Amino acid sequence: QVQLVESGGGLVQAGGSLRLSCAASGRTFSSYAMGWFRQAPGKEREFVAVISPSGGRIRYADSVKGRFTISRDNGKNTVYLQMNSLKPEDTAVYYCASNSVALFDTDRRYDYWGQGTQVTVSS
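Predicted model, so just to flag it, every value in this text is computed and none were measured. Here, residues in each chain are numbered from 1, in the same order as that chain's written sequence. Note on the predicted model: pLDDT of at least 70 is required for a residue's local features to be given, and 80 or more for side-chain atom pairs to be given and counted; whole-chain, interface and lining totals, by contrast, use all residues. Water and hydrogen atoms play no part in the side-chain values, which are based on all heavy atoms of the structure.

Student: Honestly, the overall build of the protein in this entry has me stumped. Any pointers?
Tutor: A count of helices and strands for the protein gives zero helices and eleven strands. Counting from the N terminus, the helices are the DSSP runs of H or I reaching at least four residues and the strands are the DSSP runs of E reaching at least two. Mapped from its N terminus to its C terminus, the protein presents α and β elements in the order β-β-β-β-β-β-β-β-β-β-β. The atom set for the radius of gyration is the C-alpha atoms, and the globule formula is 2.2 Å times the number of residues raised to the power 0.38. The C-alpha radius of gyration of the protein comes to 13 Å, within 12% of the 14 Å expected for a compact globule of 123 residues. Exposure classes here rest on a 1.4 Å probe applied to the protein chains alone. A residue is buried below 20% of its type maximum, exposed above 50%, and partly exposed in between. By the burial criterion, 44% of the 123 residues in the protein qualify as buried. Working rule for contacts: check all heavy atoms of both residues, and any pair within 4.5 Å makes them a contact. The long-range share in the protein, meaning contacts at least 24 apart out of those at least 6 apart in sequence, stands at 57%. A 1.4 Å probe and the Shrake-Rupley method give the accessible areas. Residues count as covered only by the protein chains that appear here. For the protein, the exposed surface amounts to about 6100 Å²; the carbon and sulfur share of it is 44%.

Student: Please clarify how the state of the cysteines should be interpreted in this entry.
Tutor: Linking two cysteines covalently via their sulfur atoms produces the bond known as a disulfide. Cysteine sulfur atoms that come within 2.5 Å of each other are treated as a disulfide pair. This model, assessed by the stated rule, comprises one disulfide. Here C22 engages in a disulfide with C96; their sulfurs sit 2.0 Å apart. For the disulfide bridge between C22 and C96, the dihedral angle about the S-S bond is near 50°, and by the sign convention the bridge is right-handed. You can see C22 sitting in strand β3 (residues 18-26) and its partner C96 sitting in strand β9 (residues 92-99), a full 74 residues away along the chain. In terms of burial, C22 and C96 fall into one category: buried.

Student: Whenever I open this one, the environment of S21 confuses me. Can you help?
Tutor: Turning to its location among the elements, S21 is positioned in strand β3. Counting along the chain gives 73 residues from S21 to Y94, while the straight-line C-alpha distance between them is 10 Å. Leave out the neighbours within four places in its chain, and S21 touches V5, E6, S7, W36, T78, V79 and Y80.

Student: Whenever I open this one, the sheet that holds strand β8 (residues 78-83) confuses me. Can you help?
Tutor: Working definition: the strands of a sheet are paired by backbone hydrogen bonds and lie parallel or antiparallel to each other. Strand order in the open sheet formed by four strands is β1-β3-β8-β7, and the pairing between neighbours is antiparallel. Looking at strand neighbours, the two that pair on one side only are β1 (2-7) and β7 (68-73), the edges of this open sheet. The mean inter-strand angle of the sheet, taken between neighbouring strand axes irrespective of direction, is 15°. Strand pairing follows a simple DSSP-based rule, namely that at least 2 bridges must link the two strands. Relative to β8, β3 is paired through six bridges, and the arrangement is antiparallel. Bridge pairing in β8 links A23 to T78. Working convention: axes come from line fits to C-alpha atoms, limited for helices to the stretch in contact. Angles between N-to-C directions cover 0 to 180 degrees.

Student: I tried to follow unusual backbone geometry on my own but got confused; where do I start?
Tutor: Leaving glycine aside, a negative phi is the common case for residues, and trans is the common case for peptide bonds. In this model, N77 sits at a positive phi of 50°, which is unusual for a non-glycine residue. Following the sequence through the fold, N77 ends up in the loop between β7 and β8. Overall, the relative accessible area of 27% leaves N77 in the partly exposed class. The phi dihedral of S85 is positive, around 50°, even though this residue is not glycine. Note on placement: S85 falls in the loop between β8 and β9. Accessibility expressed as a relative area gives 41% for S85, which makes it partly exposed.

Student: Is there a simple way to explain the pairing of strand β11 (residues 117-122) in this structure?
Tutor: In regular strands, side chains alternate between the two faces of the sheet. Across the two faces of β11 the burial differs, with T117, V119 and V121 buried and Q118, T120 and S122 not buried at all. As paired elements, strand β2 (residues 10-13) and β11 share four bridges and run parallel to each other. Across the sheet, G10 pairs through a bridge with V119, a residue of β11.

See below:
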């Protein structure tokens, strides 16, 4: 069992930055790939980024590439999402999730999820 708790969301103006954190407890954090997803009102949940257990491999959605950075600190059991140059279309609830297999970009391949944190970008 893995428990995930996101934090760091909030309201920011377009062009601004936020850093999301996801703290994990339970089984060995460093064994899991960690992903970030988001869901805007009326839309399906979509992939944002994923990082391998060691942090050596990363994937991003095209929509955030060059603006968002995923990282992890296995000593602190935490994964981060640094979001820069935010746009109104980044407004969504952001979720972190874990899986023990690979760098999936599909939410159904993830085993454990946090409760989400709201990010709102005003124009």
